[in-house]
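Here is what each chain is made of, one letter per residue.
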Amino acid sequence: QVQLVESGGGLVQAGGSLRLSCAASGTIRSINAMGWYRQAPGKQRELVAAITSGGSTNYGDSVKGRFTISRDNAKNTVNLQMNSLKPEDTAVYYCNAAGTSGWAKPFASWGQGTKVTVSS
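Fair warning: this is a prediction, and the values are worked out from it, not measured in the lab.

J.: Mind laying out the nonpolar core, listing which residues take part and the relevant values?
T.: Within the largest apolar cluster, 28 residues are counted, with the highest numbers of intra-cluster contacts made by W36, L80, M82 and Y93. Broken down by secondary-structure element, the contributors of at least two residues to this core are β1 (2-7), β3 (18-26), β4 (28-39), β5 (46-52), β7 (67-72), β8 (77-82), β9 (91-101) and β11 (114-119). Leaving out residues up to four positions away in the same chain, L80 has contacts with L18, R19, L20, W36, V48, A49, F67, T68, I69 and Y93.

Structure, rendered in C-alpha cells:
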C-alpha cells in the first residue's frame, strides 16, 4: 500500500504564494506520474498539474504561467509552487501518484488533501 502525505496549505492573500509538498511512502518499485488536483466547493475535482518520472509536465489552463510542479524521483516527492494566487484558486488540493508497488502491482493513490484559501 502506498500512502501520500501532503503539506503546505493555508491562508494567503491574493497575489501571494504557497508551496505544496507531497511525499509517497510504502513499498514502491516505481512511480510513473505524480500530480496535483483540486476540488472547490460545489465543483468537480480538476487537474492542476502533473509530472512524469521523465519530467514531462501538464498544467490545467487556469494555472499555466503561475504554478510550477516539480518532483524528486529519488525521494518520491512532488511539489507545487503556486504564485500569483487568486481567490478562485481556493480549494482542497489533493496529491496523486500512480506506479508499481514493490509487490509488482499497479497502484494509484490519493493524499488526504490540504486546504488552500486565497483571500481577496
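J.: Tell me about the packing of aromatic side chains, and please be specific about residues and values.
T.: Tallying each qualifying case throughout the model produces 1 aromatic pair. Against the face of W110 rests R45, its NZ or CZ located 4.6 Å from the ring centre.

J.: If you had to explain the pairing of β5 to someone new, which residues and values would you point to?
T.: Of the pairings in the sheet, the one linking β4 to β5 comprises 6 bridges and is antiparallel in character. When the bridges of β5 are listed, M34 appears paired with I51. Connecting the antiparallel pair β4 and β5 is a turn made up of 6 residues, with G42 showing a positive phi of about 80 degrees. One ladder, built from 3 bridges, connects β5 with strand β6 (residues 57-59); its direction is antiparallel.

Calculation criteria
Residue positions are given per chain, counting from 1 as you read along its sequence in written order. Confidence filtering applies because this is a predicted model: local features only for residues at pLDDT of at least 70, side-chain atom pairs given and counted only at 80 or more, and all residues used for totals across whole chains, interfaces and linings. The basis for every side-chain value is the complete set of non-hydrogen atoms in the structure, without hydrogens or water. Side-chain atoms within 4.5 Å are what join buried Ala, Val, Leu, Ile, Met, Phe, Trp, Tyr and Cys residues into a set we call a nonpolar core. The buried label goes to any residue with under 20% of its type's maximum accessible area, the exposed label to any with over 50%, and the partly exposed label to all in between, with areas taken from a 1.4 Å probe on protein chains only. In DSSP terms, a helix is any run of H or I states spanning at least four residues, a strand is any run of E spanning at least two, and both are numbered starting from the N terminus. Working rule for contacts: check all heavy atoms of both residues, and any pair within 4.5 Å makes them a contact. Two rings from Phe, Tyr or Trp (for Trp, the six-membered ring) form a pair when their centres are within 6.5 Å of each other. A pair whose planes differ by under 30 degrees is stacked, one over 60 is edge-to-face, and the rest are tilted. For a Lys NZ or an Arg CZ to count as sitting over a ring, it must be within 6 Å of the ring centre and within 35 degrees of the ring normal. Think of it this way: DSSP has to see at least two bridges between two strands before they count as a pair.

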